[in-house]
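Structural overview for review
Read off the chains here:
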Amino acid sequence: MSFSERLKQAMQEKGFSQGALAKAVGMAQSSVWRLTSGGALGTKKLIKIAKVLDVNPEWLSDGIGKMKAHEIKSNNQLIIDSVSHYTDKSKAYEKDNNVVKLKLYNRIEWVLSPSVRGEEDTYSMFLIPKNIVEETNSSIKDSISIIAPDDSMSPIIQENSTVALDTSIKDIKNGKIYLVSYGGVFMIRALYSLPENKIKLKNYKSDDYPELIVSASELLIIGKVYYVAGKID
């Protein structure tokens, strides 16, 4: 069972929604969503989350021991000793050579034009297993992540899913999914090269979003999508 699965189980048993848990531990609901969807592998709020959900932090973090804190602890001092090791679990993940840390842009348009308020306002971070980047032949240094702006590529990419892309890949492989900008509008689409230097932008919900055929000179390809983390409706 993964961290996200353990977290969802604990939330369900205590009757916590994502919004309720976010409020209880002082996090943004989007941060809780990333934890439950597998988009984030750890959090500095681990201890507080475990306390609110009444679970053993070792179990929540790594699947070690019993789920319920009271099943293995009868002394408050033992509990404090047990959880102190997990005070800042995210730092351990940052040092993990099997995990890659990508910029997660808070607004999709800031991929090309960063916020005037500076880097900290422009992006946060998204952790992804290193083997995924390597198995897709993607570039670690050229990879970034964004939040899907809509459900046009559903069911593969749901709205608000976290999407990783390689900005070094601009060449079109028919049917592959890319982040593009057309007429100043950012969108995630499957691309197809057509005769006469045209490109078809295909979505998976044609009833709601029109398919486009545009000139290659009018389309800015930002990068190729290779990983999606998000909930399944």
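What follows is about the pairing of strand β6 (residues 185-194). With six bridges joining them, strand β5 (residues 177-182) and β6 adopt antiparallel strand pairing. Directly across from Leu-179, in β6, lies its bridge partner Ile-188. Between β5 and β6, which follow one another and run antiparallel, lie two residues, and Gly-183 among them has a positive phi close to 60°. Where β6 folds back on strand β7 (residues 198-202), the antiparallel hairpin that results is connected by three residues, among which Glu-196 adopts a positive phi of roughly 60°.

For the rest of this paragraph, the subject is the packing of aromatic side chains. Under the counting rule described, the total for this entry stands at one aromatic pair. One Lys or Arg, Lys-200, reaches over the ring of Tyr-192 and ends 5.0 Å from the middle of that ring.

For the structure shown, the criterion picks out four salt bridges. Notably, a salt bridge pairs Asp-151 with Lys-205, separated by 2.9 Å at the nearest N-O pair. Here Asp-151, found in the loop between β3 (143-147) and β4 (162-166), pairs with Lys-205, found in the loop between β7 and β8 (212-215); they are 54 residues apart in sequence, far enough to count as distant. Judged by relative accessible area, which is 25%, Lys-205 ranks as partly exposed. Across the pair Lys-205 and Asp-208 runs a salt bridge whose closest N-O atoms are separated by 3.7 Å. It is possible to trace a salt-bridge network through shared partners that takes in Asp-151, Lys-205 and Asp-208.

Let's shift gears to the packing of helix α2 (residues 18-25) against helix α3 (residues 29-37). Remark: α2 packs on α3, axes separated minimally by 8 Å, with the N-to-C direction vectors making an angle of 115°. Here α2 and α3 pass one another in a crossing that is right-handed. Residue-level contacts link Gln-18, Gly-19, Leu-21 and Ala-22 of α2 to Gln-29, Val-32, Trp-33 and Thr-36 of α3. Tallied by class, the residues present in the contact of α2 with α3 amount to four nonpolar, four polar and no charged.

The subject of this paragraph is helix α4 (residues 46-53). Along α4, the residues that are buried comprise Leu-46, Ile-49, Ala-50 and Leu-53. Buried residues of α4 fall within an arc of 100° about the axis and therefore sit on the same side. Remark: Asp-54 follows α4 within two positions and exhibits a positive phi of approximately 60°.

For the chain, the average pLDDT comes to 81, and 81% of its residues sit at 70 or higher. Taking the mean pLDDT of every element in the chain, the minimum, 40, falls on helix α6 (residues 76-83) and the maximum, 96, on β7. For residues 72-90, every residue scores under 50 in pLDDT, and the model assigns this stretch 23 contacts once sequence neighbours within four places are set aside.

If you look at the biggest cluster of nonpolar residues, it comprises 19 residues, and the most contacted ones within it are Leu-7, Leu-21, Leu-35, Ile-49, Leu-53, Val-55 and Leu-60. Those elements that provide at least two residues to this core are α1 (3-14), α2, α3, α4 and α5 (57-62). In terms of nonpolar packing, the next biggest core, distinct from the first, is built from 18 residues, Ile-144, Leu-179, Phe-186 and Val-225 among them.

Below, the discussion takes up the environment of Val-52. By secondary structure assignment, the location of Val-52 is in helix α4. A relative accessible area of 22% means that Val-52 is categorised as partly exposed. Taking the C-alpha atoms as reference, Val-52 lies 9.4 Å from Met-11; in sequence the two are 41 residues apart.

In this fold, Ser-138 is placed in the loop between α9 (130-135) and β3. Residue Ser-138 is classed as buried on the basis of its relative accessible area of 13%. A polar side-chain atom of Ser-138 sits 2.9 Å from a polar atom in the side chain of Thr-136. Ignoring sequence-local partners within four residues, the contact set of Ser-138 consists of Val-133, Ser-143, Asp-166 and Tyr-226.

This next bit is on the environment of Asn-56. Structurally, the position occupied by Asn-56 is in the loop between α4 and α5. You can call Asn-56 buried: its relative accessible area is 2%. As for Asn-56 and Met-67, which are separated by 11 residues in sequence, their C-alpha atoms are 5.5 Å apart. Polar contacts involving the side chain of Asn-56 include one to the main-chain carbonyl oxygen of Lys-66, which spans 3.3 Å.

Each value, and the rule that gives it
Residues numbered from 1 in each chain as written. Predicted model: local features only at pLDDT ≥ 70, side-chain atom pairs only at ≥ 80, totals over all residues. Heavy atoms only, no water. Pairing = 2+ DSSP bridges. Helix = DSSP H or I, 4+ residues; strand = E, 2+ residues; numbered from the N terminus. Phe/Tyr/Trp six-rings, centres within 6.5 Å; stacked < 30°, edge-to-face > 60°. Lys NZ or Arg CZ within 6 Å of the ring centre and 35° of its normal. Salt bridge = Lys/Arg side-chain N within 4 Å of Asp/Glu carboxyl O. Buried < 20%, exposed > 50% of the residue type's maximum accessible area, 1.4 Å probe, protein only. Axes fitted to C-alpha atoms, helices over the stretch in contact; angles between N-to-C directions. Left-handed = near helix turned anticlockwise from the far one by under 90°. Contact = heavy atoms within 4.5 Å. Nonpolar A, V, L, I, M, F, W, Y, C, P; charged D, E, K, R; others polar. Arc of directions from axis to C-beta. pLDDT = per-residue confidence, 0-100. Core = buried A, V, L, I, M, F, W, Y, C linked by side-chain atoms within 4.5 Å. Polar contact = N/O pair within 3.5 Å; in protein donor to acceptor, adjacent residues only side chain to side chain.

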